[in-house]
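Here are the chains, one letter per residue:
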Amino acid sequence: MKATILLVEGKRVDGLTYLSGLTRKGFQVDAVSNGSAALTYLERSSPDLILINAPSMRTNGRRICKSVRAAAGEIPIVLVIGPQDTVPESAGATVVLNLPFTLQKLLNRIRPLLPAEDKKLRQVGPFKLDVEHRQVHFRDRQVSLTPRLMALFKALMEHPGEVLTREDLFKRVWETAYIGDTRTLDVHISWLRQALEDDPRKPQYIKTVRGVGYRLDIG
């Protein structure tokens with residue numbers, strides 16, 4: 001079954017409209033033109049995700065996001081705002097994206113929030129992870145991973161475009177808060193790059209954020 005996205009987007013969109021792009025990618029998109037219409041929609045329907053295109057309604061999105069969150073319960077909300085805009089956490093957005101960005105980046109942020117068709121399969125960007133068989137499929141390649149490397153890559157895939165700190169990765173992958181010897185993590189990242197990158201010395205996807213941690217960069 002197709003995932004359903006409630007798109008809150010003004011009728012006169014000066015910039016990028018997301019209706020056609022999301023529809024092409026196979027989503028069921030129900031579009032409304034303002035916050036009031038979104039609240040009416042939520043009274044009778046429960047989408048898998050809500051996408052609010054604030055600039056299309058000439059707003060910073062704070063009030064509309066807050067009101068939609070109150071009606072939406074735990075439904076994920078992706079809020080698109082202008083390049084210089086900021087939104088407090090109290091607005092209730094699950095993900096906030098500042099313009100400009102590509103449709104692919106939007107998809108990369110949306111997909112992890114949607115219910116998985118198969119809990120054993122995860123797909124982000126060009127990568128599809130088969131958790132049961134510990135295999136990564138991308139482009140025309142298929143790579144088998146060790147249990148630890150699979151857990152590490154799975155953690156990165158669950159937060160595409162976000163920096164995961166060393167502490168967070170140790171907790172997720174090694175189930176420990178101890179980070180006394182960070183070489184263990186560095187070595188596993190190196191092995192993961194050797195398995196997935198065209199040039200492990202100049203990684204395209206698994207990026208180091210010096211002094212912080214690592215990020216899966218796919219958009």
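Remember, it's a predicted structure, so these values are computed and weren't measured experimentally. (Residues numbered from 1 in each chain as written. Predicted model: local features only at pLDDT ≥ 70, side-chain atom pairs only at ≥ 80, totals over all residues. Heavy atoms only, no water.)

Peer 1: Can you explain the overall build of the chain? Please cite residues and give values.
Peer 2: Looking only at helices and strands, the chain has seven helices and 12 strands in total. Taking 17 Å as the expected radius of gyration for a compact globule of 219 residues, we find that the chain reaches 19 Å, a close match to that expectation. Once the C-alpha set of the chain is aligned to its principal axes, its extents read approximately 50 × 35 × 30 Å. Relative to its 219 residues, the chain shows a buried fraction of 42%. When contacts within the chain are restricted to residue pairs at least 6 apart in sequence, those whose partners lie at least 24 apart make up 55%. Accessible area of the chain: about 12100 Å², with a carbon and sulfur share of 47%. The average position of the 33 basic charges and that of the 24 acidic charges among the side chains of the chain differ by 3 Å. (Helix = DSSP H or I, 4+ residues; strand = E, 2+ residues; numbered from the N terminus. Rg over C-alpha atoms; globule rule 2.2 N^0.38 Å. Buried < 20%, exposed > 50% of the residue type's maximum accessible area, 1.4 Å probe, protein only. Contact = heavy atoms within 4.5 Å. Areas by Shrake-Rupley, 256 points an atom, 1.4 Å probe, with all protein chains shown as cover. Lys, Arg positive; Asp, Glu negative; His and termini not counted. Charge placed at Lys NZ, Arg CZ, Asp CG, Glu CD.)

Peer 1: Can you explain the pairing of strand β6 (residues 121–124)? Please cite residues and give values.
Peer 2: Sheet analysis places β6 next to strand β7 (residues 127–130), joined by four bridges and oriented antiparallel. By the bridge assignment for β7, Arg 122 is matched with Leu 129. Here β6 folds back onto β7 in antiparallel fashion, the turn holding two residues, of which Gly 125 has a positive phi close to 55°. (Pairing = 2+ DSSP bridges.)

Peer 1: Can you break down the environment of Tyr 205 residue by residue, with the values?
Peer 2: With respect to the secondary-structure elements, Tyr 205 resides in the loop between α7 (183–196) and β11 (206–209). Linking Tyr 205 and Lys 154, residues 51 residues apart in sequence, is a C-alpha distance of 14 Å. Sequence-distant contacts of Tyr 205, defined by excluding residues within four places in its chain, comprise Pro 126, Phe 127, Arg 139, Glu 197, Arg 215, Leu 216, Asp 217 and Ile 218.

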